[in-house]
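As a plain string of letters, each chain reads:
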Amino acid sequence: MQTLPTPVNILHSRNPLLPFHQSTTTSPSTYPGNLRIRSKAKNEEAFKERKQVHVDYDKGIHDVSLNISGLKKDDISRRYRLRVENDKFQKDWDISQVVNRLLKLNHWEDCDALLNRWVGRFARKNFPLLIREITQRGSIEHSNHVFRWMKNQKNYVARVDIYNMMIRLQARHNRTDQARGLFFEMQEWRCKPDAESYNALINVHGRAGQWRWAMNIMEDMLRAAIPPSRSTYNNLINACGSSGNWKEALKVCRTMTENGVGPDLVTHNIILSAYKNGAQYSKALSYFGLMKGTGIRPDTTTLNIVIHCLVKLEKIEEAVKIFISMRDKRTESPPDVVTFTTIIHMYSSCGQIENCKAVFDTMLAEGLKPSLISYNVLLGAYASRGMSEEALSVFNEIKQKGFRPDVVSYTSLLCAYGRSRQPDKARDVYYSMKNNRLKPNLVCYNALIDAYGANGMLTEAVETLREMERDGIQPNVVSICTLLAASGRCGRKVDIDTILSASKSRGIELNTAAYNAAIGSFLYVGEYDKAVSLYKSMGTKRAKPDSVTFNVLISGCCKFGKYDEAIELFSAMIDLAVPISKEVYSSVISAYGQQGQLEILESVFADMKMAGCTPDVVTYTSILNAYIGAEKWEKAMALFDEMETINIQLDSIACSAIMRAFNKGGNPTNVLALAKQMRERKISFTDTVIYEMVSACSMLRDWKTAVDLVELIEPSFPVISVGLINQLLRLLGKSGKSDVMVKFFYKLVASGAQINIFTYSILLKNLLAVGNWRKYIEAHTHKYIIPIYKSTR
């Protein structure tokens, strides 16, 4: 166990808080700080705090402050009073006035000049009040300067309470070395540390995550025969818990109870926080249950930790229930900014962006002032969905409210632009961050790489990676994943191998997500063998294939028609006990369907339902195609009825498969009925859907619907296939409405739609059948003129 150095080995020259002109050989006994000056009289009113209220009705400002006067000119010794009476530069300020004037100065300005004009400096009883007042304001640089000035005064006497206030201030600012230096310095000045000194020192080491140092300080405290208080134990438990060492925190808590110091609510909250920091969320909830069983009333901090753990365990309903109970008017634990921020983050992780904004507005309505973290969480929620306009609005509001956007704010805005396919604006945000003297971190660079990669700008993404390395930030596996995905989107086969080699040369071990990205990229560019080889190499590495790995591979096998390999991978997935997702089930069902193994397909479908994996429209579409391929019309129609019963949301692909089943099964009426439902549900009509509708109209000889169908697809003439055009033209010809057929043909020509020799042949054949010679001659002329006109354009 590491021990603290002894105080006698610490010299003044090593302490950054001592004045530079002090000699390292000066002894506390010979230092002029031991000279004493007695105050003229006891003025008890000088040490009372007086409340001052300032109200500005024009601006709507209400400010309440405490004023401390301290000992003034009439309270100091006569010889010092005579020295300053005729000096117009000497000011008889209150202590609060001195502090206010100091804080208006920059810390590098001449603060000594201001302090030397203060008459109250001749009363040493003012010094503890001065230090207390300025440390409570939190300005560490000004406090250090005042403390150095005090030690240069003749009437300064080192006191434990002054050092304790300074150590606590260093702790609040996480300055561990400075706090430790003050602790040793006070011992050199023969100020014996008390329990408060040790508590402050343990606290600062706990904040820095140095829990072993905190344990050593506790041992030194016991050797000094200073009994630890409840605060001491709480600080030590917090030191262990904040570092994630929840087991050590429990040991200290057990020792605390054994020594007769009972835990209070603060102790319980620290233990809960230790469980949270150690990712022991279930243990934290169990501990909370024990707390309620012993009758301890939780406060807002307790419930905030519980809500955080519930969110991590995805117990959303329970978290919302506690949040609602905290908002009850009779509650003793009302929600604070941390509560609302946690709930916003919860809704963000669930994708419920509307609720994020609603909770944020509720926080404002209840009079709570959001912190920068609250704004960043809301900004991150919008960024995760690529809602760049809303993200920019929150970013601007951060600046309007007087906050300075940090790296997280800029990174979230950059990510929002990247996901909304605006890489140029993402780059502008990156440069704006650097112009504001903020150093981009690894997450920021990865977000910029992703912004470029998602938009196919692989060259810019690679250049960003190089710039990151030039800035001294080493890429990690997330950077490699992003580049691999970008290479796949761009279809750059060579770059995938180059990126894999680069990661190996940099010592970056690929994790499962990186392997998945590389396998997916190889399959995307058609490199099936390389994808399979990379999957097999995972067995020799620490990365284990997961559900995503098998989903990518199985769907890739189906894409390349390798159905046997897809089924083998599915079997391997079952052997490895990898959770099977609905995407995997859908791909395997499609593989069995393509092989005509309907019995196994139905068995897999039943297993999917029993496993609690709810089939979606893709799964049902795969089964429909299998039934249609095997000409099982009745089963296909029964499956459609099942889809209707459980309210499966249909899409264009599913609708076209169902229509084909209806037509093949001799139920063309149902095709048109389904088309009506598609209009009501605003499902887009694809070429395949329209083709089935045309076939249904032809079988039913429903010419009116056929004409309506032509008007429906008229805006899509330039993009529909020539096969569908010919089918429609043939249908209109069968209806005997030659005028409508000719009008349809000329609209096709005017729109620039694709037509071929078969289109003219169908038109001429139908005109000849009805004896419309005039239109026949015009169309026959178009047959030769139109191609010549198009070739000369």
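This one's a predicted model, so the numbers in the text were calculated from it and none came from an experiment.

Enquirer: Could you clarify how one ought to interpret the overall build of the protein chain in this entry?
Expert: Helices and strands together make up the secondary structure of the protein chain, namely 41 helices and two strands. Taking all 793 residues of the protein chain together, the buried fraction comes to 47%. Within the protein chain, contacts between residues at least 6 apart in sequence are counted, and of these 63% link residues at least 24 apart. If you sum the accessible surface of the protein chain, you get close to 40,600 Å²; carbon and sulfur atoms cover 50% of it.

Enquirer: Sorry if this is basic, but what is going on with unusual backbone geometry here?
Expert: Glycine aside, negative phi is the norm for most residues, and most peptide bonds take the trans geometry. One non-glycine residue with positive phi stands out, namely Ala279, at about 60 degrees. Among the structural elements, Ala279 can be located in the loop between helix H12 (265-277) and helix H13 (281-293). Positive phi outside glycine occurs at Glu314, with the angle close to 60 degrees. Locating Glu314 in the fold gives a position in the loop between helix H14 (300-312) and helix H15 (316-326). Look at Glu314 and you get exposed, because its relative accessible area is 67%.

Enquirer: For this particular structure, what's the right way to read the side chain of Ser348?
Expert: Examined against the element boundaries, Ser348 turns out to sit in helix H16 (residues 337-350). Once residues within four sequence positions are removed from consideration, Ser348 is found in contact with Cys356, Ala381, Ser384 and Arg385.

Enquirer: Could you clarify how one ought to interpret the pattern of salt bridges in this entry?
Expert: Note on pairing: side chains with opposite charge can pair once their charged atoms come close. Taken as a whole, this structure holds 18 salt bridges when the rule is applied. Across the salt bridge formed by Lys151 and Glu185, the nearest N and O atoms sit 3.0 Å from each other. Residue Lys151 is located in helix H5 (residues 140-151), and its partner Glu185 is located in helix H7 (residues 176-188); the two are separated by 34 residues in the primary sequence. As far as the burial class goes, Lys151 and Glu185 line up, both buried. With its nearest N and O atoms 3.1 Å apart, the salt bridge here joins Arg470 to Glu463. Judged by its relative accessible area of 55%, Arg470 falls in the exposed class.

Enquirer: When you look at the packing of helix H35 (residues 668-681) against helix H36 (residues 687-700) in this model, what are you seeing that I'm missing?
Expert: If you want to describe how two helices pack, look at the angle between their axes and the distance between the axes. At a closest axis distance of 8 Å, the pairing of H35 and H36 adopts a crossing angle of 140 degrees. The angle between the axes of H35 and H36 places the two elements in the oblique class. With respect to the hand of their crossing, H35 and H36 are arranged in left-handed fashion. Contacts between H35 and H36 involve Pro668, Thr669, Val671, Leu672, Ala675, Met678 and Arg679 from the first element and Val689, Glu692, Met693, Ala696, Cys697, Met699 and Leu700 from the second.

Enquirer: Please clarify how the nonpolar core should be interpreted in this entry.
Expert: What tends to happen in soluble globular proteins is that the nonpolar side chains get buried as a cluster. Among the nonpolar cores identified, the biggest contains 215 residues, and Leu130, Tyr163 and Leu650 are the most heavily contacted of them. Once residues lying within four places of it in the same chain are set aside, the contact partners of Leu130 are Ile95, Val98, Val99, Leu115, Trp118, Val146 and Trp149. Core analysis: the second largest hydrophobic core is formed by seven residues, Ile76, Tyr80, Val119 and Ala123 among them.

Enquirer: Explain the confidence of the model for the protein chain here, please?
Expert: Interpreting fine coordinate detail is not advised for predicted regions of low pLDDT. Averaged over the protein chain, the pLDDT score is 79; the fraction of residues at 70 or greater is 83%. Contacts for the low-pLDDT stretch residues 1-41, under 50 throughout, to residues beyond four places or in other chains number 79 contacts. Confidence over residues 784-793 falls short of pLDDT 50; this stretch has five contacts with residues more than four positions distant or in other chains.

Enquirer: What am I meant to see in the side chain of Thr411 here?
Expert: Secondary-structure assignment places Thr411 in helix H20 (residues 407-419). Since its relative accessible area comes to 9%, Thr411 is described here as buried. Ignoring any residue separated from it by four or fewer positions in sequence, one finds Thr411 in contact with Asn441, Val443, Cys444 and Ala447.

Enquirer: Would you take a moment to explain helix H32 (residues 617-629) for this structure?
Expert: Working note: α-helix, 3.6 residues per turn, so residues spaced by three or four point in the same direction. In this model, H32 (13 residues) spans 18 Å end to end at C-alpha, consistent with the 18 Å of a helix rising 1.5 Å per residue. Counted residue by residue, H32 has ten buried out of 13 residues, so it is predominantly covered. All of the buried residues in H32 are Val617, Thr619, Tyr620, Thr621, Ser622, Ile623, Leu624, Ala626, Tyr627 and Ile628. Check the buried side of H32 and you find it contacts helix H30 (582-594), helix H31 (598-610), helix H33 (633-645) and helix H34 (652-664). Glu631, located one to two residues past H32, shows a positive phi value of around 60 degrees.

Enquirer: Honestly, the environment of Asn245 in this entry has me stumped. Any pointers?
Expert: Tracing the backbone shows Asn245 in the loop between helix H10 (230-242) and helix H11 (246-258). Since its relative accessible area comes to 24%, Asn245 is described here as partly exposed. Once the C-alpha coordinates of Asn245 and Asn277 are considered, the two residues, 32 residues apart in sequence, prove to be 8.3 Å apart.

Enquirer: Quick question: what am I supposed to make of the packing of aromatic side chains here?
Expert: Two aromatic rings are characterised by how far apart their centres lie and by the angle between their planes. A full pass over the atoms with the stated rule returns 17 aromatic pairs. When the centroid spacing of 5.4 Å and the interplanar angle of 85 degrees are considered together, the rings of Phe147 and Tyr163 count as edge-to-face. Of the two residues, Phe147 sits in helix H5 while Tyr163 sits in helix H6 (residues 160-172), which places them 16 residues apart along the sequence. In terms of burial, Phe147 and Tyr163 fall into one category: buried. When the centroid spacing of 5.2 Å and the interplanar angle of 65 degrees are considered together, the rings of Phe183 and Tyr198 count as edge-to-face. Here the residue Phe183 occupies a position in helix H7, and Tyr198 occupies one in helix H8 (residues 195-207), the gap between them amounting to 15 residues. The structure contains a cluster of three or more aromatic residues connected by ring pairs, namely Phe183, Phe184 and Tyr198.

Enquirer: Just to check I follow, could you spell out the environment of Gly351 for this structure?
Expert: Positionally, Gly351 belongs in the loop between H16 and helix H17 (353-365). Judged by relative accessible area, which is 24%, Gly351 ranks as partly exposed. Spatially, the C-alpha atom of Gly351 lies 7.9 Å from that of Ala381, the residues being 30 residues apart in sequence.

Enquirer: Could you clarify how one ought to interpret the environment of Val337 in this entry?
Expert: With respect to the secondary-structure elements, Val337 resides in helix H16. Judged by its relative accessible area of 19%, Val337 falls in the buried class. For the pair Val337 and Ile373, spaced 36 residues apart in sequence, the C-alpha separation works out to 9.5 Å. Ignoring any residue separated from it by four or fewer positions in sequence, one finds Val337 in contact with Met363, Leu368, Lys369, Pro370, Ser371 and Ser374.

Conventions adopted
Residues numbered from 1 in each chain as written. Predicted model: local features only at pLDDT ≥ 70, side-chain atom pairs only at ≥ 80, totals over all residues. Heavy atoms only, no water. Helix = DSSP H or I, 4+ residues; strand = E, 2+ residues; numbered from the N terminus. Buried < 20%, exposed > 50% of the residue type's maximum accessible area, 1.4 Å probe, protein only. Contact = heavy atoms within 4.5 Å. Areas by Shrake-Rupley, 256 points an atom, 1.4 Å probe, with all protein chains shown as cover. Salt bridge = Lys/Arg side-chain N within 4 Å of Asp/Glu carboxyl O. Axes fitted to C-alpha atoms, helices over the stretch in contact; angles between N-to-C directions. Parallel < 35°, antiparallel > 145°, perpendicular 65-115°, else oblique. Left-handed = near helix turned anticlockwise from the far one by under 90°. Core = buried A, V, L, I, M, F, W, Y, C linked by side-chain atoms within 4.5 Å. pLDDT = per-residue confidence, 0-100. Expected span 1.5 Å × (residues − 1). Phe/Tyr/Trp six-rings, centres within 6.5 Å; stacked < 30°, edge-to-face > 60°.

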